Amino acid sequence: MKKHSTLFAILFFTITTLSAQEFQKGTNVINAGIGLGGAYGSYTTSSQSIGLSASYERGIWEVPGPGVVSLGGFLGFKTYDYDYVGGRDRWRYTVIGVRGAYHYNGLNVENLDLYGGAMVSYRILSYNGSTGSYGSRPGASGFVGARWFFTDGIAAFAEAGYGFAFLSVGVSFRF
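Predicted, not measured: the structure shown is a model, and the values here were computed from it.

Draft legend 1. Region of interest: the overall build of the protein. Along the backbone of the protein there are one helix and nine strands. Traced from its N-terminal end to its C-terminal end, the protein shows the element sequence α-β-β-β-β-β-β-β-β-β. Looking at the protein as a whole, 33% of its 175 residues are labelled buried. Of the contacts formed within the protein by residues at least 6 apart in sequence, a portion of 59% connects residues at least 24 apart. Summing over all exposed atoms, the protein offers an accessible surface of approximately 9,900 Å²; the carbon and sulfur share of this is 65%.

Listed below in structure tokens is the structure:
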């Protein structure tokens, strides 16, 4: 019985003190993903493309909480179409943004990176149609996400938010 108690104590101590921080100050990550849905269309949008995106982030500051703040950039492309009798209007967005996120490291779960943040962007619009006048403009969005690392450098990610896409999934590369 004493052996089991000692083994249990060692195992408990190891698990509770393990701090597998998947995102730290100095960590670099590139994401490549596809996005579904989004806030750039309207209730009259007939169809929309899958959003294609790439982003980069770097861990900049360790903060109490425990966690790390990252800063980085975003590039995405998405189209919306509106079909009507006699024509079609098409909006093509190229989104360039700056993102910041807080990566929570307090769960001590190996291979998991949980984060949430915000992005300010400029939405470059190419419009082809006849139903109005539209132009490029600034935008803002928020997101929450998670990454699961299968290896030291490769992860799958999912982000939910409002803006470019309601749900984005893809692959991340850490270096």
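Draft legend 2. Region of interest: the nonpolar core. One finds Tyr40, Phe74, Tyr80, Trp91, Tyr93, Val95, Met119, Leu125, Phe164 and Ala165 forming the largest nonpolar core, which totals 10 residues. Where this core is concerned, the elements lending two or more residues are strand E4 (67-84), strand E5 (87-104) and strand E6 (112-128). In terms of residue count, E5 provides more of this core than any other element does, three residues in total.

Draft legend 3. Structural view of the pattern of salt bridges. Inspection of every chain in the model, using the stated rule, returns seven salt bridges. A salt bridge links Arg147 to Glu57, with the shortest nitrogen-to-oxygen separation between them at 2.2 Å. One end of the pair, Arg147, is in strand E7 (residues 137-149); the other, Glu57, is in strand E3 (residues 51-63), and 90 residues separate them in sequence. An identical accessibility class is assigned to Arg147 and Glu57; each is buried. Between Asp113 and Arg147 there is a salt bridge, with its nearest N and O atoms 2.6 Å apart. Note that Asp113 is positioned in strand E6 and Arg147 in strand E7, a separation of 34 residues in sequence. The burial state of Asp113 is the same as that of Arg147; both residues are buried.

Cut-offs used in this document
- Residues numbered from 1 in each chain as written.
- Predicted model: local features only at pLDDT ≥ 70, side-chain atom pairs only at ≥ 80, totals over all residues.
- Heavy atoms only, no water.
- Helix = DSSP H or I, 4+ residues; strand = E, 2+ residues; numbered from the N terminus.
- Buried < 20%, exposed > 50% of the residue type's maximum accessible area, 1.4 Å probe, protein only.
- Contact = heavy atoms within 4.5 Å.
- Areas by Shrake-Rupley, 256 points an atom, 1.4 Å probe, with all protein chains shown as cover.
- Core = buried A, V, L, I, M, F, W, Y, C linked by side-chain atoms within 4.5 Å.
- Salt bridge = Lys/Arg side-chain N within 4 Å of Asp/Glu carboxyl O.

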